[in-house]
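Analysis of the macromolecular model
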Amino acid sequence: MDQLSDCYSAGRLLQGATPYSKIDVLSAADKALDGIIILPIVGIVNVNKSDGSIDWLNSFEDEDGGNSKRLWFQSLVVVDYLLKAYAVYGNDIYWNKAVEIFEDFLSCLTALSDDDSTFYRDEHAVSNRTLVLLQFYHCLTRIPDPGKYFRLRKKVLQLIEEHANWLSDNENYVSNNHGVMMDRVLLKVCDTVSHMFQNRIGIWVKTAEERLEAMIDRTFDSDGCCKENSAAYHLLNVALFQSLVPLLKDNIKLTKKLNLAEEISYLFIYEDGTVPLVGDSEEKPPVTVPTSIYKGKMGYGVFPEAGFAIIKDEKLHLTARCGGSEFSHRHIDDTSLTLRYRGVQLITDPGMFSYDSSSPRRRHMISCSGHSGFYTEACKKVKFKNFESAVDLGEIKSLEGSSGFNISMKSYLDKNAIISRNVFYAGTDYIVIEDFLESSVSNKWQQQWMIPSDCKVKINNYALSIESSGVSIGLSWYSSRDFEIEIIDALSSRNFMDLDDCKCILIKGCSKDVKLFTMLRLL
C-alpha cells in the first residue's frame, strides 16, 4: 500500500475519495482484467451475462447478503480498483479497462427511463459512487492527451452534479452513519470541483453543515458514546467525523463532541485490536484504529442514552447492553453481556452475519435467542415496529450509592412482565449478577450464555466452568424458583457471511416470578 501512498503524494490519485477499506485493490484490479469482480466485504460475485458482458441491473435477489452485494456493485468500486492500479503501474491496460467498464455502465444508465431509480435507491451506494466519479474525474484531467477524453470528462462532471444534487436533497437523507457519509461526500465534491459548480456550492455546503450539526448529536450521546448500538459503529462513526474535520474547518460543536467520542473509543476495542461482537459488529474493526487509541488504556463508562456500559481493566473487558435511543443497527439484546477475561473470549454475542433482514440467520442473530441475557418467551416475538421509540425497549444506568462497576438494567421487551438485571463488579475475583422477573401469569424464562466454540464447558450439579486457552471462569446459581441447566448448539458470526459453531448455556424455568442470583468467579 506504500505504492498507493506515493500516488496520493504525487497527485496521481485524489486523497479522501476511497469508499471502502479492507481490500487489496491492486489484486482486485488484476482480477477485474480477467472479468472477475471482487467486492468489499462480500468477495467474488457473478455479474456476467451469458455473452460475458456485465449485468448492471443484477439485483442479487434471493442471494445471501444480496443487499450488500448490490450496494457495493452499484458503487462502481471495480472502476476505482483499476484507476488505482493504473496510477501505481502506469500500464494502459488498467486505464482502458476502467474506461471500458465505466462506459458500459454509462450505456446502461442512459438507457433507463427518467423515472427509473435503480441506481438511486441506496444512499450508501450513491455516496460511494460519487467518490469513484471524483477519482475518475481527477484521473481524466491528468491522463496524457486529456483532449481525447473531453466528452467522457464532461459526462463524468454531469454525473457528479446529479449525484451531489441527489445527496443534498433532504428527501433522500438518512439519519444514521449513512447520512454522515452523504454529507462527507457532498463536502468532498465542494472541496474538489467547486470551480465547476459555483452556482450550487453554497447550497451544498450549507445543507451538509446543517445536517451534520444535527447528526453529531444524534450519533453520539452527551458523553461521546455512539448511539448506533454496536461496538464497531462507534469506531466507524468516529472515523467518519474525523474525516470531516478538514472539510468543516473550525466547527467547534463538531470538534468538541468528536473529542469526547475519541476519548472513550478504547472501551470498544480489545487489547489485541479486535472488537466485541455487540450489535452489528465483526471481529475486525471496520476502520483502521491506531494502537495508541486503545493499547494499555483502562477505565469504564455507563452510557444510558446509548444503552451501553463497559469496563476494561487489567483482567477483564466486560460489556453490557440495554436500552438506548436509536433503532439503527440495534439487536434485541437488552440485558446482554459479553466477557473477555485475561485476553480470552469466554462469553460472547452473535455478531451480525449480514445486513439482509430476509435472511433467517440474520433474524436469529438479531433476536434475543442469540444473546447472553435474561429473557421470557415473549421476548422472542419482539418486533421493533411494535415500539414507538427505541427508548421503550429498555434502560441502563449506574446503581446509585455503590462503588465499583455496578449497573442496573431494565428490559421492557415483554410488555406483560417486569424484567431487570443488576451487575456488580468491584475489581475482585467475582462478578455478581441478579436477574428478576415479575409477571401476573406463569412465564417461561431463561438466562442465556453464548459460549465461543473453542471453550470447554463442564457441569457439576448447579455449577459449571468455562475454560479456553488455560483461562477459566466458574458460574453458580441460587434461585427462588426451580430451574434446570441445558446446553444447546448455537451459531455466531465473527466475520461477514461466516458462521461459527458455538454453545448456548440455558438456565431456564417457568413461574410468575423469579429471583435468580449468578456468581461468576474469575478463576
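Definitions and cut-offs
- Residues numbered from 1 in each chain as written.
- Predicted model: local features only at pLDDT ≥ 70, side-chain atom pairs only at ≥ 80, totals over all residues.
- Heavy atoms only, no water.
- Helix = DSSP H or I, 4+ residues; strand = E, 2+ residues; numbered from the N terminus.
- Buried < 20%, exposed > 50% of the residue type's maximum accessible area, 1.4 Å probe, protein only.
- Contact = heavy atoms within 4.5 Å.
- Areas by Shrake-Rupley, 256 points an atom, 1.4 Å probe, with all protein chains shown as cover.
- Lys, Arg positive; Asp, Glu negative; His and termini not counted.
- Charge placed at Lys NZ, Arg CZ, Asp CG, Glu CD.
- 1 Å grid on protein atoms, 1.4 Å probe; cavity = no way out; pocket = protein on both sides within 12 Å on 5 of 7 lines; lining within 4 Å.
- Points joined across faces, edges and corners; volume = space filled by probe spheres on them.
- Salt bridge = Lys/Arg side-chain N within 4 Å of Asp/Glu carboxyl O.
- Core = buried A, V, L, I, M, F, W, Y, C linked by side-chain atoms within 4.5 Å.
- Pairing = 2+ DSSP bridges.
- Axes fitted to C-alpha atoms, helices over the stretch in contact; angles between N-to-C directions.
- Disulfide = S-S within 2.5 Å.
- Polar contact = N/O pair within 3.5 Å; in protein donor to acceptor, adjacent residues only side chain to side chain.
- Expected span 1.5 Å × (residues − 1).
- Phe/Tyr/Trp six-rings, centres within 6.5 Å; stacked < 30°, edge-to-face > 60°.
- Lys NZ or Arg CZ within 6 Å of the ring centre and 35° of its normal.

Some thoughts on the overall build of the chain
The helix and strand tally for the chain stands at 13 helices and 17 strands. Projecting the C-alpha coordinates of the chain onto the three principal axes gives extents of approximately 80 × 50 × 45 Å. For the chain, the residues scored as buried account for 56% of the 523 residues in total. Taking contacts inside the chain between residues at least 6 apart in sequence as the whole, the part at least 24 apart equals 65%. In the structure as shown, the chain presents an accessible area of about 22,400 Å², 48% of it carried by carbon and sulfur atoms. Distance between charge centroids for the chain: 1 Å, based on 57 positive and 71 negative side chains.

Side note on empty space enclosed by the protein
Under the definition given, this model contains one cavity of 30 Å³ or more. In this structure, the largest cavity spans a volume of roughly 50 Å³. Around the largest cavity sit Ser-175, Asn-176, Met-215, Arg-218, Thr-219, Glu-228, Glu-326 and Ser-328, which together line it.

Some points on the pattern of salt bridges
Across all of its chains, the model carries 22 salt bridges by this definition. One salt bridge connects Asp-64 with Arg-361, and the closest N-O pair in it is separated by 3.9 Å. Pair noted here: Asp-64 is in the loop between strand S2 (43-45) and helix H3 (66-74) and Arg-361 is in helix H13 (residues 360-366), with a separation of 297 residues, a long-range link. Through salt bridges that share partners, Arg-321, Arg-330, Asp-333 and Asp-334 make up one connected network.

Describing the nonpolar core
If you look at the biggest cluster of nonpolar residues, it comprises 98 residues, and the most contacted ones within it are Trp-56, Trp-95, Phe-102, Phe-136, Val-156, Ile-160 and Phe-241. Among residues more than four places away in sequence, those in contact with Phe-136 are Leu-83, Trp-95, Val-99, Phe-102, Leu-152 and Val-156.

Looking at the pairing of strand S3 (residues 299-303)
As paired strands, S3 and strand S4 (residues 308-312) are joined by five bridges and run antiparallel to one another. Bridging across to S4, Phe-303 finds its partner in Phe-308. The hairpin formed by S3 and S4 contains four residues between the paired strands, and Gly-307 there has a positive phi angle of roughly 80°.

Details of the sheet that holds S3
An order of S3-S4-S5-S6-S7 is seen for the five strands of this open sheet, with the pairing classed as antiparallel. Across the chains shown, the open sheet's two edge strands, defined by having one partner strand only, are S3 and strand S7 (344-347). Neighbour to neighbour, the strand axes of the sheet diverge by 10° on average, direction disregarded. For S4 and strand S5 (residues 316-321), the ladder comprises five bridges, and the chain directions are antiparallel. Considered in S5, the bridge of Ala-309 is made with Ala-320.

Thoughts on the state of the cysteines
Throughout the structure, instances matching the rule amount to zero disulfides. Cys-379 provides the cysteine sulfur closest to Cys-322, a residue in no disulfide bond, and the two sulfurs are 10 Å apart. The exposure class of Cys-322 is buried, given its relative accessible area of 0%.

Details of the side chain of Asp-221
Structurally, Asp-221 is set in the loop between helix H9 (198-219) and helix H10 (231-248). Buried within the structure, Asp-221 lacks any salt-bridge partner; Lys-257 is the closest side chain of opposite charge, at an N-O distance of 6.6 Å. A polar atom in the side chain of Asp-221 sits 2.8 Å from the backbone nitrogen of Asp-223.

Topic: helix H8 (residues 177-192)
With 16 residues, H8 extends 22 Å from end C-alpha to end C-alpha; this agrees with the ideal 22 Å at 1.5 Å per step. For H8, the tally of buried residues reaches 14 of 16 residues, placing the bulk of the element in the interior. The distance from a side-chain oxygen at the start of H8 to the backbone nitrogen of His-178 is 2.8 Å, and the residue carrying that oxygen is Asn-176.

Side note on the side chain of Gln-448
Tracing the backbone shows Gln-448 in strand S12 (residues 430-451). A polar atom in the side chain of Gln-448 sits 2.9 Å from the backbone oxygen of Cys-368. In this structure Gln-448 touches Cys-368, Ser-369, Gly-370, His-371, Ser-372, Gly-373, Tyr-375, Cys-504, Ile-505 and Leu-506, once residues within four positions along its chain are discounted.

Looking at the packing of aromatic side chains
Tallying each qualifying case throughout the model produces 21 aromatic pairs. A centroid spacing of 5.9 Å and a plane angle of 75° characterise the contact between Tyr-300 and Phe-405, whose relative ring orientation is edge-to-face. You can see Tyr-300 sitting in strand S3 and its partner Phe-405 sitting in strand S10 (residues 405-411), a full 105 residues away along the chain. The class of Phe-405 is buried, set by a relative accessible area of 2%. An aromatic cluster is present here, built from Trp-56, Phe-60, Phe-73, Tyr-86, Trp-95, Phe-102, Phe-105, Phe-119, Phe-136 and Tyr-149 joined pairwise through their rings. The lysine or arginine in question, Arg-321, covers the ring of Phe-308, its NZ or CZ lying 5.4 Å from the ring centre. If you follow Lys-415 out to its NZ or CZ, it ends over the ring of Phe-387, 4.7 Å from the centre.

Points about the pairing of S5
Of all the six residues making up S5, six are buried; the element is thus mostly covered by neighbouring parts of the structure. Every second residue of S5 is oriented toward a common face, with Leu-316, Leu-318 and Ala-320 on one face and His-317, Thr-319 and Arg-321 on the other, all of them buried. Remark: three residues form the turn of the hairpin made by S4 and S5, two consecutive strands paired antiparallel. Pairing of S5 with strand S6 (residues 336-341), which is carried by six bridges, proceeds in the antiparallel orientation. By the bridge assignment for S6, His-317 is matched with Arg-340.

Taken by themselves, the reported measurements are silent on function.
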